[in-house]
Every structure is written in C-alpha cells, then in structure tokens.
Amino acid sequence: MKNRRSDHLPVRLGTNRIYILPTKTGTTFFILLVVLLLISINYNNPPGYLLTFLLTGIALVGIFHTHRGLSGLLISHGAASPVFAGGRAEFPVAVTNPSRWPRHGIQVGWARVDTGPLKDVPAAEEQIFLPSLPAATRGALRPKRIVVATVFPLGLFRAWSWVALPLRCVVYPAPDPRASVFDQQSASLDQGEDRPRAGNTLEGEEYHGLRAYQMGDPLRRIAWKAVARGTELVSKEFADDARQEDIVLDWNALPGEETEAKLSLLCRLVLDAEAAGQGYSLRIPGQRIPVGNGPRQMHACLTALALFAMPDSEPVDEVRR
C-alpha cells in the first residue's frame, strides 16, 4: 500500500481510499440467499423469487450506505499525553463530519476488525476517539497507521480506510518502586553502613546517623550502601539539616547499576523533587537541564530520561487482534 505520511492534514477519506467487504454476518446472509434462490428455482416458486430479489436489493443498497458512512470524513490528530512505561498510551484522533447528515457507528483503532467503541459523528461536528496501545518500554511510541471503519446500517458490510498520521507519545521510564513508600524505621535496617566516627563532618556539618529518605534530600546524602543491599532509600543526617538547597540529580552520583535501573531511580527522584516543590536540575551523559520547577521542568527531565541513549522507537504497525 502507498505510504500516505506526506498527506496534508486533515486527511479526507475519498472514494479511492475506502475499502469494503462483507462481514461474517454478510457472508452468511448471501449464502442463505443462494440457498433460497436454488429452492425457488427447484420448486418454481414466484414468492420465493420475490423474497430473494427483495433481500438482494436491500443488501445492495446497504453497500452504498455503508460506503457513504465514511466518504468525506476529515481525519486529524491531537497531542498524546506522556505515560509511564507499563501503562497505556492514548492517541487522540479527531473525526470531523463536514456534511449535512450524521455518520453513525464510526470506529477508530489499529485493525480492520475490533477497532474500538462505536460513536456517532453529528452533522458539521467533530468527535474525538482515543485508540490506545500498551507502552511496554520507555522511548517514543509511534504507531504507523490507524483504521477508520463502519458497519452501519445493516452490519452486512464493513467499510474501512487506513490513515497514516504523525502520532507520537513519549513513554517515561517506570519510577523506581523502592522510593515510593518511605518507612520511618528503615534507617534501622542499615546496621552495616559505614558510619563516620565522631568528629567526621560533611561540608562542616556533624554526622548524626541515618533516617528515612525524604523528598528533596540531595543525592550525596543518600546511603547508597544500604540501598544496594535492597533496603528502601535512607539518608545520612547531619546537625544542620534545616537549610534547603536546589537538588542536582546527577547520573554519576548514582551507584553502579544498570542503565535502566538508573533511569528508573532518576525518574522517581524527579517526581519526588517536583512533589516537594523544590528546584532541581538533571545531569545525564550528553545532556544537562538547568535548575527549575513545575510541569515544564518535570516534562523536560522525564523526556530526557525517556529518550536517553536510544533512537526514536521503531514505528508500531497496526495491531492484529
């Protein structure tokens, strides 16, 4: 099939891009018509002929109305909201009906069959469809094309059209679950942590012990040896801990874990810093995001983690159910 990614938006469904075939119900219906015709011929039954030709005429008219249900529709898309790996990415697809009659039973999805819920598109109005795909891994999820279909009015025929849209959804790394619940007694689990002797200090502050990690704690104060043994995050506590400072989320400050584990932990720390209302910056190999706070800062950091060290994800073709 010809690649239509160069089509201008919105894409208009003309007669040259609409396909139509009988459904399973339609196939069964035509088999019964053939049987009815053979019975009528065998018994030379005029009422049988009349019924056969009447039903055939209704089916042929149904072809026209099913095809017209898609003809002339305008297809465009909206921006997909980012999701975390393991969730489902929804891609807003707008179907506009510029004609003076409503279109009934429209479906939008990824396959020629089972393309999603049925919706009506009123005359001169727009309807938003939200076909979704599982977002298994981080990156940029790019579905290759969608299908717009209908079986209205009789269900004997299915008309459909493939539409290539520049759909894209950023899939963030899944947040590290170790920092999702803070156990106030987790510090007691770190009996083997190397503790500085009395008098040892960090940045002029006296070391007092360990405590449960709190959102906003600098990475250099996290007790990584305890974390490496499988406990939840705990932080080193000093005498003067009242002063809050901007958080630097530094790739090189994390322990020597796998890439995906580091990205997952950084994702959690970004969410924690954002929830705490603190300013934070992100440093990863090849990219540095300056200090900031708010939805834009969070999206910029999580997007950098999602696309780290990998090309854009391969296009996802239509899903075959």
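The rules behind these values
Residues numbered from 1 in each chain as written. Predicted model: local features only at pLDDT ≥ 70, side-chain atom pairs only at ≥ 80, totals over all residues. Heavy atoms only, no water. Patch = residues over 30% accessible without salt bridge, like charges linked within 9 Å, V, L, I, M, F, W, Y side chains within 5 Å. Areas by Shrake-Rupley, 256 points an atom, 1.4 Å probe, with all protein chains shown as cover. Salt bridge = Lys/Arg side-chain N within 4 Å of Asp/Glu carboxyl O. Helix = DSSP H or I, 4+ residues; strand = E, 2+ residues; numbered from the N terminus. Buried < 20%, exposed > 50% of the residue type's maximum accessible area, 1.4 Å probe, protein only. Phe/Tyr/Trp six-rings, centres within 6.5 Å; stacked < 30°, edge-to-face > 60°. Lys NZ or Arg CZ within 6 Å of the ring centre and 35° of its normal. pLDDT = per-residue confidence, 0-100. Contact = heavy atoms within 4.5 Å. Axes fitted to C-alpha atoms, helices over the stretch in contact; angles between N-to-C directions. Parallel < 35°, antiparallel > 145°, perpendicular 65-115°, else oblique. Left-handed = near helix turned anticlockwise from the far one by under 90°. Nonpolar A, V, L, I, M, F, W, Y, C, P; charged D, E, K, R; others polar. Pairing = 2+ DSSP bridges.

**As for a nonpolar patch on the surface**
Here is step 1: Taken together, the side chains of Ile31, Val35, Ile39 and Tyr43 make up a nonpolar region of the molecular surface, amounting to roughly 410 Å² of accessible area.
Here is step 2: You can see Ile39 is positioned in helix α1 (residues 24-43).
Here is step 3: In this structure Ile39 comes out as partly exposed when scored by relative accessible area, which is 43%.

**A look at the pattern of salt bridges**
Here is step 1: Enumeration over the complete set of coordinates arrives at two salt bridges.
Here is step 2: For Arg138, the salt bridge is made with Glu260, and the minimal N-O distance between the two is 3.0 Å. With a gap of 122 residues between them, Arg138 in the loop between β10 (132-134) and β11 (139-143) and Glu260 in helix α4 (residues 259-276) connect regions that are remote in the sequence.
Here is step 3: The class for Glu260 is partly exposed, based on a relative accessible area of 44%.

**A few points about the packing of aromatic side chains**
Here is step 1: The full count for this structure, using the stated rule, is seven aromatic pairs.
Here is step 2: Aromatic side chains Tyr19 and Trp160 sit 5.7 Å apart centroid to centroid with 25° between the ring planes, which places their arrangement in the stacked category. In this pair, Tyr19 is assigned in strand β2 (residues 19-22) and Trp160 in strand β13 (residues 157-163), connecting sequence segments 141 residues apart.
Here is step 3: Residue Trp160 is classed as buried on the basis of its relative accessible area, which comes to 8%.
Here is step 4: Taken together, the ring pairs connect Phe29, Phe30 and Phe157 into an aromatic cluster.
Here is step 5: The aromatic ring of Trp101 is capped on one face by Arg68, whose charged end is 4.7 Å from the ring centroid.
Here is step 6: The cationic tip of Lys119 hangs over the ring face of Phe129; the distance from NZ or CZ to the ring centre is 5.1 Å.

**Let's talk about the confidence of the model for the chain**
Here is step 1: In the predicted model, the chain carries a mean pLDDT of 81, and the fraction of residues at 70 or more is 74%.
Here is step 2: Every residue in residues 1-6 scores below 50 in pLDDT, and together they form nine contacts with partners more than four places removed in sequence or on other chains.
Here is step 3: Per-residue pLDDT stays below 50 along residues 313-321; that stretch engages in 26 contacts with residues further than four places along the chain or on separate chains.

**Description of the packing of α1 against helix α2 (residues 46-68)**
Here is step 1: Across the interface, α1 lies against α2 with an axial gap of 8 Å and an inter-helix angle of 155°. The orientation of α1 with respect to α2, classified from their angle, is roughly antiparallel. For α1 against α2, the interelement crossing comes out left-handed. Between α1, through Phe29, Phe30, Leu33, Leu36, Leu37, Ser40 and Ile41, and α2, the contact on the second element is made entirely by Gly48, Tyr49, Leu51, Thr52, Phe53, Leu55, Thr56 and Ala59.
Here is step 2: For the contact of α1 with α2, the class distribution of residues is eleven nonpolar, four polar and no charged.

**Considering the environment of Val148**
Here is step 1: Structurally, Val148 is set in strand β12 (residues 146-150).
Here is step 2: Sequence spacing of Val148 and Trp160 is twelve residues, and the spatial spacing of their C-alpha atoms is 5.5 Å.
Here is step 3: Each residue touching Val148, except ones within four places of it in the same chain, is listed here: Leu13, Leu70, Ile75, Ile106, Gln107, Val108, Ala159, Trp160, Ser161 and Val163.

**A closer look at the sheet that holds strand β6 (residues 93-97)**
Here is step 1: An order of β1-β3-β6-β9 is seen for the four strands of this open sheet, with the pairing classed as antiparallel. Of all the strands in the sheet, just β1 (11-12) and β9 (125-129) have a single pairing partner and so form its edges.
Here is step 2: Direction of pairing for β6 relative to β9: antiparallel, over a ladder of five bridges. When the bridges of β9 are listed, Ala94 appears paired with Ile128.

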